[in-house]
Structure formats: C-alpha cells, structure tokens
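Listed below are the residues making up each chain.
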Amino acid sequence: MSITAFRDAVVAHDHAALVETLSPEVTFCSPAVHKPYEGRDATAFILAGVLQVFEDFRYVDELIGDGKATLRFRARVGDRELEGVDLLTEGDDGLISELTVLIRPLSGLQAVVAGMEQALREMQSQAEPAT
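As the structure is a computational prediction, the values presented were derived from the model and not from experiment.

For the protein, the helix and strand inventory stands at 4 helices and 6 strands. Tracing the protein from N to C terminus, the helices and strands come up as α-α-β-β-α-β-β-β-β-α. In terms of overall size, the protein behaves like a compact globule, its C-alpha atoms giving a radius of gyration of 14 Å where 131 residues would be expected to give roughly 14 Å. The principal-axis extents of the C-alpha atoms in the protein amount to approximately 45 × 35 × 30 Å. Taking all contacts inside the protein whose residues are at least 6 apart in sequence as the whole, residues at least 24 apart take part in 46%.

Take the packing of helix 3 (residues 40–53) against helix 4 (residues 106–127) next. Two numbers describe how helix 3 lies on helix 4: the axes approach to 9 Å, and their chain directions differ by 120 degrees. Here helix 4 runs oblique to helix 3, going by the angle between their axes. Seen from above, helix 3 lies across helix 4 with right-handed handedness. Mapping the contact onto sequence places Phe45, Ile46, Ala48, Gly49, Val50, Gln52 and Val53 in helix 3 and Val112, Gly115, Met116, Ala119, Leu120, Met123 and Gln124 in helix 4.

Most peptide bonds take the trans form, and the phi angle of most residues other than glycine is negative. Arginine 104 connects to proline 105 through a cis peptide bond whose omega is -10 degrees. Considering the arrangement of structural elements, one finds proline 105 in the loop between strand 6 (96–104) and helix 4. The phi dihedral of histidine 13 falls on the positive side, at around 55 degrees, and the residue is not glycine. Judged by its relative accessible area of 42%, histidine 13 is partly exposed. One non-glycine residue with positive phi stands out, namely aspartate 66, at about 45 degrees.

Bringing the sheet that holds strand 3 (residues 55–65) into the picture now. Sheet architecture is open: 6 strands sit in the order 2-1-6-5-4-3, paired in mixed fashion. Looking at strand neighbours, the two that pair on one side only are strand 2 (37–38) and strand 3, the edges of this open sheet. Most of the contacts of helix 3 go to strand 1 (residues 22–29), to which it runs at about 60 degrees, and overall it touches strand 1, strand 2, strand 3, strand 4 (68–77) and strand 6. Sitting on the sheet, helix 4 is in contact with strand 4, strand 5 (80–90) and strand 6, with an inclination near 80 degrees to strand 5.

Reading the values: the criteria
- Residues numbered from 1 in each chain as written.
- Predicted model: local features only at pLDDT ≥ 70, side-chain atom pairs only at ≥ 80, totals over all residues.
- Heavy atoms only, no water.
- Helix = DSSP H or I, 4+ residues; strand = E, 2+ residues; numbered from the N terminus.
- Rg over C-alpha atoms; globule rule 2.2 N^0.38 Å.
- Contact = heavy atoms within 4.5 Å.
- Axes fitted to C-alpha atoms, helices over the stretch in contact; angles between N-to-C directions.
- Parallel < 35°, antiparallel > 145°, perpendicular 65-115°, else oblique.
- Left-handed = near helix turned anticlockwise from the far one by under 90°.
- Buried < 20%, exposed > 50% of the residue type's maximum accessible area, 1.4 Å probe, protein only.
- Pairing = 2+ DSSP bridges.

Below is the structure:
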C-alpha cells in the first residue's frame, strides 16, 4: 500500500522511497500555489524542498481507508509551529495519484513559503551546470 509507504518515507526523510510511491502522473496541490504541480518529477522536486524545510516533523493522526488517507502532522519551520494534513489518493496501480497538503496557521504557512523559496532556489542553482 503506497499510503503507508508514503508515510514511512516522509518520517524517515527518505526522498528516494517517497518518490517511488508516486504515480508518474501524480497531481500535487500545494497550500501555497494556486496551480497544481503535475507529474512525478515536479512533485519530487517540491518534496525534496519540503524534507529540507520542515523540522521536527511528525504524523500525529491518520485516517486510512479504501485508497484514500488523511495524515495529520505537526512540524516547525524556524520558530513557527504548524500543523497540517496530507490528503492522499491511491490509484488503481497502487501508487499515489493525488496529494493535497493543507497547513495552518497562516504564520506557519508563510514560514513554509519563505523556507521553500530559499530551498528551491538553492536546489535549482545546484542543478544548473557551471559555465
């Protein structure tokens, strides 16, 4: 079941295992961006940043049933505590086909956005070939 594998990979900070749970056509709905990210590569890039930005991440509750799950979490970004949920849908192939993340409070989401902007900028500059 990809849902439990997803959860276990997030808790272990295992990016490779996390990406393996995603469908190639996964849709990721971010709490900070209006347009969903489409596909495994785009989602994997964002999740790599998330694993860097979130501190003291832990799942505190879960509701799992028939290919859908709600995983409730708590974390910290800098000095901001936050809580949120991962809404997961598993496709017929057993891989995560849809991931939606919700975060509260607003100050926590704002800290995530600032941390992600920096993390993604650094990841992108490391990926660019040197001239």
